[in-house]
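Working through the structure, step by step
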Amino acid sequence: MAEAADFLGMSPSPARRWLRRSGTLLAGLPLLAGLLQLPMSTSASAAEKTTAAEKTTVAEATGSSTVDVSLDSLSPSAPTDGDTLTVSGSVTNNGKQTITGAHVGLRVGPSLSSRSAIDSAAQRTGFQLGPDPLEVGGKYVAKFSKIPSGVSQHFSISVPVKDLDLGSDGVYQLGVSLTGRTAAQPWDQVLGIERTFLPWQPNAADTKTKTTYLWPLISPVHLTAETGSDEQQTRVFKNDDLAKEISPGGRLDELLSLGSDLDVTWVLDPDLLASVDAMRAGYRIQGENGTTTAGKNQAVAKAWLDKLEKTVQDKKVVALPFADPDLASLAHNGKDVTGSLSHLKDATDVAAKTVDTIVHVKPSTDFAWPADGAIDPSIVKVATSAGADKVIARSDSLRETGVLPYTPSAPRPIGGGTTAVVADARLSTAFQGDMTKADSSTLAVQEFLAQSLMINLQESNDQRSIVVAPQRMPSASQAQTMAQALKALQDGNWSESQGLSAAAKAKPDPGANTRVPSASSYPSSLRKQEMPRSAFEEIQATQSKLDNFQVILTDKTRVVTPFGRAINRGMSTSWRGRATEAETFREGVQSYLSGLTGLVRLIDKSDAKLSGRSATIPVTVQNNLVQGVNHLVLRLTSQQPTRLKIGNGPYAEQQIQVAGEHSQSVKFTTSTQANGPVKVVAQLYTEDGQAYGRAVTFDVKVTEITSTVMLVIGGGVLLLVLAGFRMYTQRKRAAAQPVEESPENSPAAEGTNAENENGVNKDTDGTVETKDTDGTVDTGGTEDSANGPDGESGAEPGADDPEHPSDPTPDTAPESTDPSGTGERVDR
C-alpha cells in the first residue's frame with residue numbers, strides 16, 4: 001500500500017517511511033556482507049562483461065539507436081518571421097522488432113553560445129534527456145501505427161516558425177526524433193534521433209560579416225606533351241575524361257552553372273582553360289601502342305568555353321599559376337634541385353595571358369594557394385618567389401594562440417610584405433564528405449549556416465572579413481550542396497559578399513596570430529602525398545634535354561611551348577595521392593622528347609677502306625622533323641691521327657643545316673700517314689659545345705702506304721735504273737759497231753724499254769709506269785692492275801656486296817669504275 005501511495009502521489013506518515021527504509025537496509029545487509037566476502041581475484045574480464053552488460057541494458061532502455069532518422073530537407077534553411085518550417089525525411093527500423101504507436105516530432109532549443117558548442121552538438125549521438133529539448137508536440141508530428149523491422153517510412157512536418165517559440169537571434173538546436181514502442185519495451189521511448197541547427201536572424205544585422213567564397217574551376221591533368229605534325233599542332237589527350245566533366249551534368253559544367261547564380265570569386269587553373277581550348281580546336285585521344293584516335297567533343301568544348309566567358313565577365317577572377325603547381329612539394333623536396341623554382345615563375349608568368357586570351361578577362365595573379373591551406377616558412381618563401389604577395393592559408397594551419405573571443409578577419413601580415421589570407425577551416429571543410437545522400441547534404445548546409453551566423457554573433461566592435469576556401473575539385477554533388485548553402489547565406493540577414501582581393505586588403509585584427517607555423521607543424525598526412533625529390537630531378541633532366549634541343553630548331557615555339565606546359569603539369573597539385581600516375585606522366589613527357597630529339601641524327605656507317613694517300617669520308621645527317629634544324633656542328637674525329645688525319649689534324653668540324661624531312665651528306669677530307677685500321681667518331685654538337693644525339697663510330701682501314709707498296713716502288717726505281725744502264729750499254733755497243741743498224745732493227749725497239757717524251761717507259765711486258773715529279777712512283781693506279789699492292793687479286797673481296805643503305809652515292813665514278821672493296825668505299 002505504501003508503494004502504491006508513492007506511485008500515485010500519496011503521502012504516507014514519516015514513521016512508516018522510516019520503518020520501511022530501515023527494513024530495506026537490514027534486509028540488504030546480509031547480501032552486502034556476502035559480496036564483501038567474495039574473492040578479490042575476480043577476473044578483470046568478468047568486470048568488463050558486467051560493464052558491457054550494463055551499457056547494453058542502458059542502450060536497450062533508451063532505444064535511441066533502434067531507428068535511423070534521415071533528414072532529407074529543411075526549408076527554409078534560415079527562416080525568418082512569418083515563414084513556415086518544413087522538415088522532410090525518412091525513418092528506418094533497424095531493430096528486430098516491429099515498432100508500434102510511433103510518431104516523428106521536432107525538438108527545438110536551446111540556443112547555442114559558441115562555435116565550439118555547435119561542434120559538440122554535431123558530434124553527439126543518441127538521445128540525451130536534458131541536452132535534447134522536449135518535443136514541440138501538438139499537431140506538428142507525423143504518426144505511424146507500426147513500422148516493421150527493416151522498413152522505412154517517409155515523413156514531412158510543417159510548422160509555423162512562430163509556434164517554435166524562438167527567442168533572440170542565435171543558433172538553435174533542432175532535433176528530429178522518432179518515439180514509439182516495441183514488444184520488449186511496451187512504453188513510449190525515443191528510438192532514434194537526428195540533430196541539426198536552425199539559424200535564426202529574422203532581421204538584418206546591424207553589422208554584417210563580409211564573406212568571400214572561392215569557387216574553383218580546377219581539373220586533373222588531361223593533356224599529354226604530344227602534338228600532331230600539322231600546322232595547328234593538334235593536341236593529344238590521355239583520355240576523354242575532360243569531355244565528360246564539361247558535358248551537361250558533368251562536374252565542371254555543374255560548377256559553372258551553379259556558380260553563375262552566385263556572388264563568388266572564381267579561381268581558375270589556366271591549364272584547364274588551355275585544355276578545353278585545345279579540345280575545341282580539334283584533338284586526338286591517346287590509345288595503346290602509340291596510336292591515337294580522333295576526339296569528337298569539339299562542340300561540347302566550345303559551348304563550355306562560351307558559357308564560361310559570359311559568366312566571368314565583370315566578375316572577380318583569380319588565376320593560379322599554370323597547372324596549379326604543388327607549392328608544398330616544391331618547398332619541401334624541390335627547391336634545392338637546380339632550376340625547379342624557375343618552373344613556378346614560368347607557370348605564373350603565363351597564367352594571366354592564358355586566361356585573357358581564352359575568356360578575355362584580366363585575372364589577379366598575386367595569390368598563391370598551397371594544398372589545404374597548410375603553410376610553413378619554406379612554403380611561404382616558395383609561394384612568393386614567383387611574384388605572389390598573398391598566400392591563401394587556413395585557420396587549422398595558422399591557428400589562433402591568443403584569447404580572442406571572436407573569429408578574426410582573414411588577412412594577417414606575416415612579414416616581408418606578404419599577407420596570409422586565412423580561410424576559416426570549419427566553413428572551408430563543411431562540404432568535403434559524401435554529399436550524394438540528401439541527409440548528409442542537408443546537415444552540411446545547416447551546420448555551415450550555423451557557423452557563419454555564430455561568427456557574426458560573436459562579440460566584435462568591427463566588421464570582419466571571412467574567407468571560405470573549399471576543396472580544390474569538388475564533386476558535382478558537393479558543388480550542389482555548396483551552392484545551396486551559399487544561396488541561403490547570400491539571402492540571409494547576417495552576411496554580405498566580398499571579393500578575395502578586397503578581403504586581402506581588409507584591416508587585420510591586431511590580436512590575431514601572425515606567426516607562421518614551423519615546418520614540424522606541417523601535417524604528416526599532407527607530407528605523405530608530396531612529390532619526392534626524384535620527381536623534380538626527373539623534371540629538370542627533361543628541361544635540360546629541352547634546352548639542348550631547342551637551340552637547333554628553326555621554329556622553337558612548336559616544341560618549347562607544349563613541352564614547357566607539360567613540365568608545369570608534371571608539378572601539379574592534382575597528382576597528390578596519385579604517385580604512380582604522376583610518375584607515368586613524367587616518364588611519358590621525357591620519352592616523347594627523347595623520341596623527337598632522335599629524329600635529328602647521324603646515319604650509321606659501315607666500316608670504310610681507304611686505299612690512297614688522300615680521300616673524302618661522307619657522313620649523313622638525317623632530319624625527320626617537320627621543321628628545319630640549324631646551329632649544329634658535325635665533328636669527325638680520328639682516334640689515331642698518326643695514321644689518319646681528318647682535315648689537317650685529329651678532327652674537323654662543319655656547320656650543319658638541314659631542311660625538315662630531309663637528309664644532308666657532309667664530306668670530310670682525310671690523309672693517310674701509316675698503314676692499319678683507324679676508329680673514326682662522328683658526333684653532332686650544338687653551337688654551345690653540347691653533344692647532341694648518339695655518336696657514330698666506324699673503322700677506316702688504311703691500306704695504301706704499306707711495306708709491299710714500298711718494295712714495289714723501290715723495285716720500279718731499280719728497274720728504271722737498270723733499264724737506263726742497259727740502254728746506255730746498248731747504245732755504246734751500237735756506236736762501236738762498224739755497220740749502222742736501222743731503228744726498226746735496234747735492240748731497243750725489239751726487246752728493251754723505250755722512254756717517251758712524257759717520261760713513260762714501256763717495259764718488255766707492256767707494263768706502264770708513272771713517275772711522280774718528286775721521282776717516286778704513285779701507286780694510285782694499282783687498283784686496275786692484275787694484282788693489288790698487297791699481291792692480292794685486283795678484284796677486291798665483297799665487290800658484289802650491296803651498298804650500305806645509309807651511305808650516300810660515292811663520288812669517285814669519274815676516277816675509277818672498279819667495284820668497291822670490303823666495307824664502305826671511301827671517296828678519293
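Preceding this paragraph is the structure being described.
Residues numbered from 1 in each chain as written. Predicted model: local features only at pLDDT ≥ 70, side-chain atom pairs only at ≥ 80, totals over all residues. Heavy atoms only, no water.

**Details of the environment of A582**
The criterion, for reference: Secondary structure is summarised from DSSP: a helix means a run of H or I of at least four residues, a strand means a run of E of at least two, and numbering begins at the N terminus for each. Exposure classes here rest on a 1.4 Å probe applied to the protein chains alone. A residue is buried below 20% of its type maximum, exposed above 50%, and partly exposed in between.
Take A582: it is sitting in helix α19 (residues 579-597). A582 sits in the buried class, given a relative accessible area of 4%. Along the sequence, A582 and S572 sit 10 residues apart, while their C-alpha atoms lie 9.0 Å from each other.

**Examining the sheet that holds strand β7 (residues 189-200)**
Here is the rule: Two strands qualify as a pair provided DSSP detects at least 2 bridges between them. Lines fitted to C-alpha atoms define the axes, with helix axes restricted to the stretch in contact, and inter-axis angles between N-to-C directions lie between 0 and 180 degrees.
In space, the 4 strands of this open sheet follow the order β4-β3-β6-β7, with antiparallel pairing throughout. What marks the edges here is a single partner per strand, and that holds for β4 (141-147) and β7. Averaged over neighbouring strand pairs, the angle between their axes works out to 20° when direction is ignored. Both strand β3 (residues 99-112) and β4 contribute to a ladder of 6 bridges, which runs antiparallel.

**A word on the nonpolar core**
Applied cut-off: The nonpolar core is taken to be a set of buried Ala, Val, Leu, Ile, Met, Phe, Trp, Tyr and Cys residues, with the residues joined through side-chain atoms within 4.5 Å.
Grouped together as the largest cluster of nonpolar side chains are 74 residues, with contacts concentrated most on F549, L634 and L636. Listed in part, the 61 residues of the second largest apolar core include A301, F431, V445 and I455.

**Describing the packing of aromatic side chains**
Definition in use: Under the pairing criterion, centres of Phe, Tyr and Trp rings, with the six-membered ring standing for Trp, must be within 6.5 Å; the plane angle then separates stacked pairs below 30 degrees from edge-to-face pairs above 60, leaving the rest tilted. Put simply, a charge is over a ring when the Lys NZ or the Arg CZ is close to the ring centre, within 6 Å, and near the line of the ring normal, within 35 degrees.
All told, the structure shown has 7 aromatic pairs when counted by the stated rule. Between F563 and Y592, the aromatic rings sit 5.7 Å apart at their centres with planes inclined by 20°, giving stacked as the arrangement. Of this pair, F563 sits in helix α18 (residues 557-569) while Y592 is found in helix α19, placing the two residues 29 residues apart along the sequence. Since its relative accessible area comes to 2%, F563 is described here as buried. Aromatic rings pair up to connect Y213, W215, F431 and F448 into one cluster. Seen from the ring of W369, R472 lies directly overhead, with NZ or CZ sitting 4.4 Å from the centre. A cation over an aromatic ring shows up here: K605 above the ring of F698, its NZ or CZ 5.2 Å from the ring centre.

**Re the packing of helix α6 (residues 251-259) against helix α14 (residues 476-491)**
Let me state the cut-off plainly: Angle categories: roughly parallel below 35 degrees, roughly antiparallel above 145, roughly perpendicular from 65 to 115, and oblique for all the rest. Contacts are assigned to residue pairs with any non-hydrogen atoms lying within 4.5 Å of each other. Only Asp, Glu, Lys and Arg are considered charged in this grouping, and only Ala, Val, Leu, Ile, Met, Phe, Trp, Tyr, Cys and Pro are considered nonpolar; every other residue, Gly among them, is considered polar.
Two elements in contact, α6 and α14, have axes separated by 9 Å at closest approach and are oriented at 10°. What the angle tells us is that α6 and α14 run roughly parallel. Across the interface between the two elements, R251, E254, L255 and L258 from α6 touch A476, A479, Q480 and A483 from α14. Split into classes, the residues belonging to the contact of α6 with α14 amount to 5 nonpolar, 1 polar and 2 charged.

**Considerations on the side chain of N493**
Test applied: Here a polar contact is taken to be a pair of N or O atoms separated by no more than 3.5 Å, where protein atoms must pair a possible hydrogen donor with a possible acceptor and residues adjacent in sequence count only if both atoms sit in side chains.
Residue placement: N493 occurs in the loop between α14 and β20 (495-497). We classify N493 as buried; its relative accessible area is 17%. Reaching out from N493, the side chain makes a polar contact with the backbone oxygen of P202 at a distance of 3.1 Å.

**Let's talk about unusual backbone geometry**
S75 connects to P76 through a cis peptide bond whose omega is -5°. Tracing the chain through its elements places P76 in the loop between β1 (67-75) and β2 (84-93). Cis geometry is adopted by the peptide bond preceding P110, which originates at G109 and carries an omega value of -5°. Turning to its location among the elements, P110 is positioned in strand β3. Positioned with a positive phi, A323 is a non-glycine residue whose angle comes to about 75°. A relative accessible area of 0% places A323 in the buried class. At D324, a residue that is not glycine, the phi angle is positive and equals roughly 55°. The topology assignment puts D324 in the loop between β14 (316-319) and α9 (327-334). Looking at D324, the relative accessible area reads 4%, which means it is buried.

**Things to note about the sheet that holds β2**
As summarised here, the arrangement of the 3 strands in space is β1-β2-β5, forming an open sheet in which the pairing is antiparallel. Each edge of the sheet is formed by a strand with only one pairing partner; in this case those strands are β1 and β5 (152-160). In this sheet, neighbouring strand axes are inclined to one another by 20° on average, regardless of whether the strands run parallel or antiparallel. Two strands pair when backbone bridges link them, and β2 and β5 are joined in this way by 9 bridges, in the antiparallel orientation. Paired with V87 across the strands is I157, a residue of β5.

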